[in-house]
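The primary structure of each chain is shown beneath.
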Amino acid sequence: IQALEDLTLPQVMAFRSRFLKRVNVESLLLGNFVCEEAQAMADSLSAQLKCEPLLPSQFPETRVVNLLEGVHHQLDIRGYNDANLNSAIQSYWQIGPYTPGTSLDAATDLFTHILREPCFDQLRTKEQLGYIVFSGAMRHSGVLGMRVIVQSSNSQPDHLQDRVTQFLRSFRATLVDLTEERFNQFVSGLISNKLEKDKKLTQEAMRHWNEIEQHRYMFHKVDLEVAALRVLSKEDVLRFYDTHVMDANCLKRLTIAIWTGEFSANSQSDSQLTRFTDIRMFRRSASLYPCFV
């Protein structure tokens, strides 16, 4: 707000002349075009912009914090709206660099696919921790992970986190007890989901644009993912669970906790938990992955 108050009209006019001097243009045209028509439209757009390409040093870099192994970090945030009685957590397990079609990527996908319904049933239906319970894989700026989100109007973040941890600890028995037939049903179901045809042109466009936005350009990614799932075994999923979800030495976990009341740094039920409140200081002191996108 302060920056806006100090802004002057001459500054805006000067910025306008520099705004499109150098830009990087990437286009996606989807529909009834032949290649030549699409290329002509893209060339026409670039010509009308009358801009020069970005210099290599001007391309923005997105780098993700490389979480420490064996440490569970927790960012504690006080809710901004006192009238909102909801607390929430997002617990994130960082797996490593994301490469589509690898066994690690497939194991993450399949584990979270198996986890989704029991997680909702236990935390939402049975324990009634909150209205929102979600779990799933997460791919952000070239880094693979998984997450569990719980929002609650009756429990504070420490309790939510404890229940998530306890549920995951007990989940190994569910994996072990999977019959070969049931395991194959999970694999087939996930493959069917991935091979489902786009119902709208906008769905296809968003799928392609995501590859462009992430600078992967792997438009055949689904084929690689399906091929990796077909050779995945139950032992691979158990190994993933033991190593990346529960192993105290390999664990790379970050929880974001939003509180409706004051939090206490002494209310720790997790011996690996390291709390902080300043995200900027945390990022400045952490090591970063290289830029993958």
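Scroll up for the structure.
Just so it is clear, the model here is predicted, and its values are computed rather than measured.

Conventions used here
- Residues numbered from 1 in each chain as written.
- Predicted model: local features only at pLDDT ≥ 70, side-chain atom pairs only at ≥ 80, totals over all residues.
- Heavy atoms only, no water.
- Axes fitted to C-alpha atoms, helices over the stretch in contact; angles between N-to-C directions.
- Helix = DSSP H or I, 4+ residues; strand = E, 2+ residues; numbered from the N terminus.
- Parallel < 35°, antiparallel > 145°, perpendicular 65-115°, else oblique.
- Contact = heavy atoms within 4.5 Å.
- Nonpolar A, V, L, I, M, F, W, Y, C, P; charged D, E, K, R; others polar.
- Salt bridge = Lys/Arg side-chain N within 4 Å of Asp/Glu carboxyl O.
- Buried < 20%, exposed > 50% of the residue type's maximum accessible area, 1.4 Å probe, protein only.
- Pairing = 2+ DSSP bridges.
- Core = buried A, V, L, I, M, F, W, Y, C linked by side-chain atoms within 4.5 Å.

**Student:** Explanation requested: the packing of helix 4 (residues 103-126) against helix 9 (residues 234-246) in the structure shown.
**Tutor:** Describing two packed helices takes the angle between their axes plus the distance from one axis to the other. Helix 9 packs onto helix 4 with a crossing angle of 90 degrees between their chain directions and a minimal axis gap of 9 Å. Comparing their axes, helix 9 and helix 4 come out roughly perpendicular. For the pair helix 4 and helix 9, contact is made by Leu104, Ala107, Thr108, Leu110 and Phe111 and by Asp236, Val237, Phe240, Tyr241, His244 and Val245, respectively. Its residues assigned to classes, the contact of helix 4 with helix 9 shows eight nonpolar, two polar and one charged.

**Student:** Can you help me understand the pattern of salt bridges in this one?
**Tutor:** Two side chains of opposite charge can pair, provided their charged atoms sit close to one another. Summed over all chains, the structure comprises 15 salt bridges. Its salt-bridge partner being Arg239, residue Asp236 comes within 2.9 Å of it at the nearest N-O pair. Note that Asp236 and Arg239 are positioned in helix 9 at a spacing of three residues, about one turn of the helix. Each of Asp105, Asp109, Arg139, Lys194 and Glu225 takes part in one network of salt bridges that share partners.

**Student:** Would you mind going over the pairing of strand 1 (residues 71-78) with me for this structure?
**Tutor:** Residues in a regular strand project their side chains so that they alternate between the two faces of the sheet. Burial analysis of strand 1 places six of its eight residues in the buried class, which makes it a mostly covered element. Bridge count between strand 1 and strand 5 (residues 252-259): eight bridges; the pairing is parallel. Paired with Leu75 across the two strands is Ile256, which belongs to strand 5. Summarising the sheet, strand 1 and strand 6 (residues 273-276) pair through four bridges and their orientation is parallel. Considered in strand 6, the bridge of Gln74 is made with Arg275.

**Student:** Looking at this structure, I do not really get the nonpolar core. What am I missing?
**Tutor:** Looking at soluble globular proteins, one finds that nonpolar side chains tend to be buried together. Formed by 42 residues in total, the largest nonpolar core has its most connected members in Leu110, Phe111, Val150 and Leu175. Counting only elements with at least two residues in this core, the list comes to strand 2 (87-97), helix 4, strand 4 (143-152), helix 5 (157-176), helix 6 (180-195), helix 8 (221-230), helix 9 and strand 5. For this core, the element with the highest residue contribution is helix 4, accounting for eight residues. In this structure, Val65, Leu75, Val143 and Phe282 belong to the second largest nonpolar core, which totals 10 residues.

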